[in-house]
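Descriptive structure summary
Each chain is listed here by its residues.
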Amino acid sequence: MSDKKLRIGVDARPLCHPGTGIYRYTHELLSRMCTMGGRWFLYSPQAYDTGVLDLPDVTHCMANVPFYLGGSQASQILFPRWVRRDAIDLFWGTRHHLPRLLPGDLSAVLTVHDLVWRHQGASMPAYRRLTERLLMPASLRRARRVVTGTEYIAAQLRETFPSAAGKLSVIPYGSSFEPVDSRSPGSRFESGYFLFVGTMEPRKNLPGLLEAYRVYRAAAVKPRKLKLVGGAGWGGIDPSRLVADLSLGADVEIVGSISDEVLSQTYDGAFALVLPSWYEGFGLPVVEALAHGVPVIVSRDSALSEVAGKAAYPVDPGSVEEISNAMLALDGNVDLYGRLEATAKSQALKYQWDDAAAKMYAVLCNQM
């Protein structure tokens with residue numbers, strides 16, 4: 001390649017949705033990669049906060065398409081035009097899709113975070129499920145390289161789309177929080193609460209968690225409280241109603257969306273994270289909890305249990321009994337809890353955004 005700076009086009013739509021995991025992924029990688037070299041062109045049908053991405057080699061290309069008209073449809077029209085205008089050398093699709101009308105000789109890299117539409121389709125809106133079904137298979141065929149965050153999702157891609165098997169790279173995501181040492185070993189066992197962090201939507205299995213907590217609370221000698229952190233999502237999951245229906249209002253605190261600073265403090269005061277999701281592609285809250293030395297109760301044989309490793313207490317997300325028993329086991333066995341706690345921070349060190357950005361940048365550059 002010549003000394004000319006590589007011109008990289010990026011699907012920047014996730015930057016329009018702060019608070020989501022894909023926003024975090026896109027923002028954390030771009031804030032690092034945009035300083036590594038090249039000219040970056042960030043494309044979005046809607047406006048976003050440019051913030052730390054206001055850099056000399058970054059051009060922000062935004063339209064004023066209303067959100068209700070759909071970013072996926074608009075991007076299919078706008079992005080190919082902008083790619084030709086800006087003489088792009090390489091395009092990175094940050095979330096599952098590539099524009100179908102990209103120039104035929106243009107290199108493209110695609111990130112696939114999950115296959116929710118294939119494995120938990122009922123847990124997402126019908127229009128999003130249809131969009132994934134229409135656009136993802138063609139995007140996988142078009143991409144020169146496909147990146148995902150876990151071996152769990154890579155295995156699903158190999159099984160569902162065998163032709164993509166030779167294109168796969170697994171690049172684990174990172175934690176937005178550095179491992180902290182504000183709590184001495186064992187002190188969490190004396191205090192702390194169970195914690196859930198995630199968007200309130202069907203695949204997070206909040207009804208199952210709350211039912212398990214009800215069982216745990218009835219059986220525990222001195223039950224710990226439960227905090228629910230996260231914003232509202234699709235699917236009509238109303239945590240207030242679920243808590244009221246189970247008469248848990250005295251022991252369950254609905255926190256809602258909070259800043260990173262408050263979230264870090266919330267992790268720091270937790271006893272254990274409980275995340276028995278039906279399906280996840282990675283699970284950033286798991287890494288964030290581990291960075292604070294917090295053990296996790298997560299779904300067995302999932303991306304969550306892969307990420308948590310030996311710091312996890314795995315459960316069947318469909319079994320209220322298993323989830324409640326896990327809470328009772330951690331609460332009642334200081335040795336078991338100590339073993340999980342002791343491995344949490346070392347497990348978290350495996351997930352660093354600096355490492356992820358360096359590997360992703362290398363993947364992009366190697367396609368030229």
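Attention here is on the structure that accompanies the text.

Rules and cut-offs
- Residues numbered from 1 in each chain as written.
- Predicted model: local features only at pLDDT ≥ 70, side-chain atom pairs only at ≥ 80, totals over all residues.
- Heavy atoms only, no water.
- Helix = DSSP H or I, 4+ residues; strand = E, 2+ residues; numbered from the N terminus.
- Rg over C-alpha atoms; globule rule 2.2 N^0.38 Å.
- Buried < 20%, exposed > 50% of the residue type's maximum accessible area, 1.4 Å probe, protein only.
- Contact = heavy atoms within 4.5 Å.
- Areas by Shrake-Rupley, 256 points an atom, 1.4 Å probe, with all protein chains shown as cover.
- Lys, Arg positive; Asp, Glu negative; His and termini not counted.
- Charge placed at Lys NZ, Arg CZ, Asp CG, Glu CD.
- Pairing = 2+ DSSP bridges.
- Axes fitted to C-alpha atoms, helices over the stretch in contact; angles between N-to-C directions.
- Core = buried A, V, L, I, M, F, W, Y, C linked by side-chain atoms within 4.5 Å.
- Expected span 1.5 Å × (residues − 1).
- Bend = angle between axes of the 7 residues up to and from the residue.
- Right-handed = clockwise from strand over helix to strand, strands pointing away.
- Left-handed = near helix turned anticlockwise from the far one by under 90°.
- Nonpolar A, V, L, I, M, F, W, Y, C, P; charged D, E, K, R; others polar.
- Arc of directions from axis to C-beta.
- Phe/Tyr/Trp six-rings, centres within 6.5 Å; stacked < 30°, edge-to-face > 60°.
- Lys NZ or Arg CZ within 6 Å of the ring centre and 35° of its normal.

As a further point, take the overall build of the chain. Helix and strand counts for the chain come out as 14 helices and 13 strands. Against the compact-globule benchmark of 21 Å for 368 residues, the chain has a radius of gyration of 21 Å, which places it among compact chains. In terms of its C-alpha atoms, the chain occupies a principal-axis envelope of roughly 65 × 40 × 40 Å. Residues classed as buried in the chain amount to 56% of the 368 residues present. Long-range contacts, defined here as pairs at least 24 residues apart, represent 68% of the contacts in the chain between residues at least 6 apart. Looking at the chain as shown, the accessible area adds up to about 15500 Å², and 52% of this sits on carbon and sulfur atoms. The centroid of the 39 positive side-chain charges in the chain is displaced by 7 Å from the centroid of its 37 negative side-chain charges.

Right, let's get into the sheet that holds strand β13 (residues 312–315). Sheet architecture is open: 6 strands sit in the order β10-β9-β8-β11-β12-β13, paired in parallel fashion. At either margin of the open sheet sits one strand with a lone partner, and together these are β10 (252–256) and β13. Ignoring strand direction, the axes of neighbouring strands in this sheet form an average angle of 25°. Pairing of strand β11 (residues 270–275) with strand β12 (residues 296–299), which is carried by 3 bridges, proceeds in the parallel orientation.

Before going further, it helps to spend a moment on the nonpolar core. Trp40, Leu42, Trp92, Leu228, Val286 and Met360 are the most contacted members of the largest nonpolar core, which totals 87 residues. Looking at this core element by element, the count peaks at 7 residues for helix α14 (residues 353–365). Ignoring any residue separated from it by four or fewer positions in sequence, one finds Val286 in contact with Leu273, Leu275, Val296, Val298, Leu304, Val307 and Ala308.

Taking 1.5 Å per residue as the helical rise, helix α2 (residues 71–85) with its 15 residues ought to reach 21 Å, and the 20 Å between its terminal C-alpha atoms agrees with that figure. A maximum bend of about 30° is found in α2 at Leu78, where proline Pro80 lies one to four positions downstream. Residues of α2 that are buried: Gly71, Ser72, Ala74, Ser75, Gln76, Leu78, Phe79, Pro80, Trp82 and Val83. Looking at the packing, one finds that the buried side of α2 touches β1 (7–11), β2 (39–44), β3 (58–62), β4 (90–93) and α4 (126–142). The positive-phi residue at the C-terminal boundary of α2 is Ala87, with phi of around 50°.

On to the pairing of β13. Across 4 bridges, the pairing between β12 and β13 is parallel. If you follow Val298 over to β13, its bridge partner there is Pro314. Crossover handedness for the path β12 to helix α11 (residues 303–308) to β13: right-handed.

Now for the packing of helix α10 (residues 284–291) against helix α13 (residues 334–348). Running from N to C, α10 and α13 cross one another at 115°; their axes reach a closest spacing of 7 Å. At the point where α10 passes α13, the crossing takes the left-handed sense. Contacts between α10 and α13 pair Val287, Leu290 and Ala291 from the former with Ala344, Lys345, Gln347 and Ala348 from the latter. Looking at the contact of α10 with α13, its residues break down into 5 nonpolar, 1 polar and 1 charged.

Let's shift gears to helix α12 (residues 320–332). For α12, with 13 residues, the first-to-last C-alpha span of 18 Å sits near the 18 Å given by 1.5 Å per residue. Within the span of α12, buried status applies to Ile323, Ser324, Ala326, Met327, Leu330 and Asp331. Down the axis of α12, the buried set is contained in an arc of 150°. They therefore lie on one face. The exposed set on the far side of α12, more than 90 degrees from its buried face, consists of Glu321 and Gly332.

Structurally, Asp86 can be placed in the loop between α2 and β4. Ignoring anything within four residues of it in the chain, the contact list for Asp86 reads Arg7, Phe41, Tyr43 and Cys61.

Further remarks concern the sheet that holds β3. The 7 strands lie next to each other as β3-β2-β1-β4-β5-β6-β7, forming an open sheet whose pairing is parallel. Edge positions in the open sheet fall to β3 and β7 (168–170), since each of these has one partner strand only. Averaged over all adjacent pairs, the angle separating strand axes in this sheet is 20°, with direction ignored. Set on the sheet, helix α1 (residues 21–33) makes contact with β1, β2, β4, β5 (107–111) and β6 (145–148); between it and β4 the angle comes to about 150°.

Okay, the packing of aromatic side chains next. Scanning all chains against the criterion turns up 17 aromatic pairs. Measuring from centroid to centroid gives 5.4 Å for Phe194 and Phe271, while their planes differ by 90°, and the two rings are edge-to-face. One end of the pair, Phe194, is in strand β8 (residues 193–197); the other, Phe271, is in strand β11, and 77 residues separate them in sequence. When its relative accessible area of 0% is taken as the criterion, Phe271 is described as buried. Counting every residue linked through ring pairs, the aromatic cluster contains Tyr25, Trp92, Tyr173, Phe282, Tyr351 and Trp353. One residue, Arg118, lies across the ring of Trp117, its end atom 5.7 Å from the ring centre. The positively charged end of Lys227 is found above the aromatic ring belonging to Tyr193, 4.3 Å away from the centroid.

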